[in-house]
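These are the residues of each chain, in order.
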Amino acid sequence: MWWADGFPSHSPSARWHRCFQSGNYGFVLDTETMQIPHFGPLDIPNAVTTLPPAQLGLRIVVDGKTYECAAGGKWTKHGGPRLIESGRFFQRGDVTDLVFTSTDEQELNVEARFETAAWSDRLGLIFAARPAIMPIEAGEKSFGRIGGGFGLDGTNHLEVKHSAELDSKHFTIELWAYVPHNYQASEKTFPWLVCKDRNEEVDGNFGIIFLHGRAQARLNIGGGRDNAFTATADLRDALKLNTWNHLAISYDGDSLRLYVNGRESAKQPIGRKRVPSDGPLTFGRRQDNSGDGYHFRGVIDESTYYDRALSSSEILQHFRHPDVVDAKVKPTKQWRFRSDGVGLKTAPRSIWKSASLAIGLRGPNGTLSNSLDLPTKGKTDPSQWNEVSLAIDPIAFEKVSAKCDVNVRATEIANGEARPVKYNSVLGWHRINLDGIEPIVPNTAGKDAEANKNNSMERIKLVLSNPSDQPQIARLMFEKTSGGIKQHVGSSITGVSAVLRDAQGHPTGIPVQLSKNWHTDAEAGTYRGDWFHGISQVRLLANATVELELSIVYGHWGGVAAASHTQLCLIGWGSNQRWDQSALGAWGESICYEPDQVQANCSITDVRPLMVRATDNAQAWRWTCNVGGGDYFRMFDPSGNRVPHTAMKTTEHRQGPCLTEVTFDGHLGSGIRQAATVSLSRTDDLVRGTYRLRMAVKKATDFSRLVIFQIGADTYSSTGERKMAIGDTTGLLKEWNTQWGGNTYRTNPVACTGRATWVSLHDAVARPKQGNQEACANRGVVIRSWKARLGGKDTPPWIAEHGVNARGHDTSTIDFVAPPGITRLEPGDFVDATIEHIVMPQFARNYYGPNEALRSALAQHENTWQMIHREAVNNDRKAEASIGKIQRTYPDVRIHTLNNEAKLTLSGGLGYVPITFTDLSSPSHYELVVDGHPLDQSVHGNDFWQTEYDATSKRWSQTYNLPAKIAGPQNIHFRVKKLKTQ
């Protein structure tokens, strides 16, 4: 699934055309107009835009009046077009906030969304709708918490004139606030719920704002902007949307406190006398109405001011019993509203006395449709979604039968308990729920019990049956929901690997697509929250039964940190487009990618080191600090305008657990193709992202700046290094002190012609927002191969420091740039380079991983360029084959076998070296002999290699990870496993 012209927010001329294409059919959805400009079977690959149009019809009839879908919702942080899950088997996205109008141009008050669920040979279309919440009525017409309240519709406010009694040196202000999902009236500014005295830079100002889904108390104690204090609610106390929240702030001369729903959620020590002021008290906006006013949309009620700081127990009592008058606590000022008004727990929805939904798709060969009559008023909850759907065969253009001939049984191996399995005829899958499975933990004798939990595995027996006389496809979705993961160490959802094995436990090579989410913003609605989906499909012959095992691991595969690459859903976070997350182990992200560059305007986003503590006292097996930011093929036209990446497609070749390999490819401008294949491999020392970068110029292109690769990015860099250095295998060529900021090049570009050119960014410092954390990692780059022609001439890599201001912080990037004087790319120009992105632990004391060689090197050379030089020299792999043919040495040593056999010698390597044997005639029954000894890294049995199937060649490959041998080469023999004789 991809955007035809790149993501439209970056290019004003780009169409909102979201594309899907399989080997069998394609379609394009215009998410702005909700039309389908292209749809149908595909005879020619990559020709989706040549297909004819189809007409999508979405209709709601309410109380006898017909409304047609007129538009899709605009893209916002949480709404409009969203990507739910995407991978090699299944693509799902939706469009929210659909607009429905009647022939007389009346707009229906409705919440509606349209979803597409695409496999390679079938398509599900889902239309869901429900009555929308009624708009907030301004003023005292609104409902309240107790009786009537005061409605704030995003344009009005309530202002109380200043009086001396509202300016006490100690105070509490509390109120109830109904917070709808659209409480932020402006897309540009956060809302003030209550604000005394103009704004936060004014002496005496206090109030409450809502920021990123949480309340924040503000108090300017006096003395200008540098004396403005804040207290932000704990993450556990995020705002509850579409319901009432009790909020209070107090100051007792010592600390500013914020209470959320009866609980003290934040405290900021100040310890000074508050300077009084004489400005009004305003509810619903910033008091000075600056800019767009910082308006809040919602309802307030039972607002009270006290001339002292109430105790925690008093505030808790008011939260628990809002309708009870506390005679012991006398308010200084109180604002209650209509006693004869209506008190409601939630805002009312529109009422549909009678209604129906209809969906239709008209193509050249006819129309497919379906409809649903809703229960009449009083027989259904108006807050419940109503769905009507179509499941179609897009090649034959006919409905797919709701009946499925495949039977699926799932059993937990550890205890024999059956797992729930349910077939969904629209999505086309058997949903297999895996919540609550206790992972199998191996014997802990002689091991660190906590660390050993990383070796846990979940094992599920699958029996797939096809009783019909025709081949069938079993489409499987392995599901875990919030609270369903019982892995007891780390942040388990960040590192899930799923492997389908045969009945003997051998990996089969049947891929499992990995998609997941852990984002929880309530305003995101459907699909937010914690979930994991492992999606696969298995072809079953007629009258056949197949037994498989699904093995799920988190931290380790074969006792070593597993590598995984997953599509991470952003619903509940924001932007809702493609974001990929790779990880070593399950202790947080390792490297993240955003191919459409929607949020950070770069391709490499969050990057985190492996097995380090952010502070000396931090726990092991936890998320680490972010040292992210990077980009490739960053080009600016002659006027200095950024040329966006467009038509970015994602292809998952391998998703772990031994090696990941994913390609992001698309266009750069109108005449350049570009691609990056990113990899991560199972290891025990540190994060090494390997990128193969390719650019091919088809049309002459002028530019003012071209960055082939950079660490961090112009627009995103979560750390800053005070030193940089360049060298190659011979040693150091140059080291210098960085000069941050300025959006200019700080050094002249240097041509690098030596073997394994490397760049070190070291002596890093953390961003202020990371508090007392150290940076905890330096960054580095090693070039493993480089071929390039730019401006019609072969060129080595040229490297320079670029000072930038990224997200409000001055820092520097290291840029691989075009040679000096070249400002035009010619047809035939190209780049083909393989680069390692090194995330190096900064200090030996912070690294707690098991790799003693790394620990020893850090003890000698921590926080210096020598650590990246060590990578360049010691991880310089050399392989020679006596049987088979070496295909490459990065990201894995890859060898084409001869009759299922290979012999080679391997020298060089750090951590664990991935090695892949290709062109195998079957998926199993091989062995790998290293220096005369069969390799066996099993923990649960047969759980240390990875098998992949190539559908084009109809052959298999296997990937292993070998512990690096520093002294001398390793002699490796891959062969068919000899059968044991009696």
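Scoring rules and cut-offs
- Residues numbered from 1 in each chain as written.
- Predicted model: local features only at pLDDT ≥ 70, side-chain atom pairs only at ≥ 80, totals over all residues.
- Heavy atoms only, no water.
- 1 Å grid on protein atoms, 1.4 Å probe; cavity = no way out; pocket = protein on both sides within 12 Å on 5 of 7 lines; lining within 4 Å.
- Points joined across faces, edges and corners; volume = space filled by probe spheres on them.
- Helix = DSSP H or I, 4+ residues; strand = E, 2+ residues; numbered from the N terminus.
- Nonpolar A, V, L, I, M, F, W, Y, C, P; charged D, E, K, R; others polar.
- Disulfide = S-S within 2.5 Å.
- Buried < 20%, exposed > 50% of the residue type's maximum accessible area, 1.4 Å probe, protein only.
- Polar contact = N/O pair within 3.5 Å; in protein donor to acceptor, adjacent residues only side chain to side chain.
- Contact = heavy atoms within 4.5 Å.
- Domains from an automatic or database assignment.
- Buried area = accessible area lost by both parts, 1.4 Å probe.
- UniProt positions renumbered as here; feature names shortened; annotations may be inferred.
- Phe/Tyr/Trp six-rings, centres within 6.5 Å; stacked < 30°, edge-to-face > 60°.
- Lys NZ or Arg CZ within 6 Å of the ring centre and 35° of its normal.
- Pairing = 2+ DSSP bridges.

> Any chance you could break down empty space enclosed by the protein for me, citing the residues and the numbers?
Scanning the model with the defined rule gives seven cavities of 30 Å³ or more in all. Within this model, the largest cavity holds a volume of roughly 210 Å³. The wall of the largest cavity is formed by 20 residues, among which Ala498, Ile510, Val512, Gly656 and Glu948 lie closest to the centre. Elements represented by at least two residues in the lining of the largest cavity include exactly β34 (497–502) and β70 (946–950). A total of four residues in the lining of the largest cavity trace back to one element, the largest contributor, which is β34. Classifying every residue of the lining of the largest cavity gives eleven nonpolar, seven polar and two charged.

> Pulling in residues and values, what's your account of the state of the cysteines?
For the structure on display, the rule yields one disulfide. The side chain of Cys625 participates in a disulfide bridge whose partner is Cys776; the two sulfur atoms lie 1.8 Å from each other. Looking down the S-S bond of the Cys625 and Cys776 bridge, the torsion is -100 degrees, so its handedness is left-handed. In this pair, Cys625 is assigned in the loop between β43 (604–607) and β44 (630–636) and Cys776 in the loop between β56 (758–766) and β57 (777–790), connecting sequence segments 151 residues apart. Residue Cys19 stays outside any disulfide, its sulfur separated by 19 Å from that of Cys69, the closest cysteine. Residue class for Cys19 comes out buried when judged on its relative accessible area of 1%.

> Let's hear about the side chain of Thr282: which residues, and what values?
Position of Thr282 among the secondary structure elements: in strand β22 (residues 281–283). Look at Thr282 and you get buried, because its relative accessible area is 0%. There is a polar contact of 2.9 Å between the side chain of Thr282 and the side chain of Glu159. The contact partners of Thr282, leaving out residues within four places of it in the chain, are His157, Leu158, Glu159, Leu193, Val194, Cys195 and Gln287.

> How would you sum up the domain arrangement of the protein? Please name residues and give values.
For the protein, the assigned domains are domain 1 (2–132 + 352–399), domain 2 (150–335), domain 3 (407–562), domain 4 (587–875) and domain 5 (878–976). Computed from C-alpha coordinates alone, the two centres of domain 1 and domain 4 are separated by 39 Å. Carbon and sulfur atoms make up 52% of the area that domain 1 and domain 4 hide from each other, which totals about 990 Å². The three residues of domain 1 that bury the most area against domain 4 are Trp2, His10 and Arg88, which together make up 52% of that side's buried surface. Taken together, the connections running from domain 1 to domain 4 amount to three residue pairs in polar contact (both at pLDDT 80 or more). Classifying every residue of the side of domain 1 that touches domain 4 by side-chain character gives five nonpolar, six polar and two charged.

> Describe in detail the UniProt feature "domain: LamG-like jellyroll fold" (unreviewed entry) in the protein, supporting the description with residues and values.
Mapped onto this numbering, the UniProt entry annotates "domain: LamG-like jellyroll fold" (unreviewed entry) at residues 169–313. Between the C-alpha atoms that bound residues 169–313 the distance is 21 Å, and the span itself is 1% helix and 46% strand.

> Got a sec to walk through the packing of aromatic side chains? Specific residues and values, please.
Tallied over the entire structure, the rule returns 40 aromatic pairs. With a centroid separation of 6.2 Å and 85 degrees between ring planes, the pair formed by Tyr593 and Tyr691 is classed as edge-to-face. Within this pair, whereas Tyr593 is found in strand β42 (residues 591–593), its partner Tyr691 is found in strand β49 (residues 687–697), the two being separated by 98 residues in sequence. Summarising the burial analysis for this pair, Tyr593 and Tyr691 share the class buried. Taken together, the aromatic side chains of Tyr593, Phe664, Tyr691, Phe709, Trp786 and Phe816 make up a single cluster linked through ring pairs. Geometry around Trp176 places Arg145 over its ring, the cationic atom sitting 4.6 Å from the centre. Positioned above the aromatic ring of Trp119 is the side chain of Arg475, whose terminal nitrogen or guanidinium carbon lies 5.7 Å from the ring centre.

> Tell me about the pairing of strand β53 (residues 731–737), residues and numbers included.
Bridge analysis of strand β52 (residues 719–728) against β53 gives six bridges, and the strand direction is antiparallel. The partner of Lys723 across the bridge, within β53, is Asn737. Linking β52 to β53, which pair antiparallel, is a turn of two residues.

> Help me get a handle on unusual backbone geometry, residues and values and all.
Phi is mostly negative for residues that are not glycine, and the peptide bonds are mostly trans. With omega at 10 degrees, the peptide bond leading from Gly656 into Pro657 counts as cis. In this structure, the amide linkage connecting Tyr890 to the following residue, Pro891, adopts the cis form with an omega of 0 degrees. Following the sequence through the fold, Pro891 ends up in the loop between β64 (885–888) and β65 (893–896). For Asn261, which is not glycine, the phi dihedral falls at a positive 50 degrees. With respect to the helices and strands, the residue Asn261 is situated in the loop between β20 (255–260) and β21 (263–269). One non-glycine residue, Arg807, lies in the positive phi region at around 55 degrees. By the secondary structure assignment, Arg807 is in the loop between β59 (798–806) and β60 (809–817).

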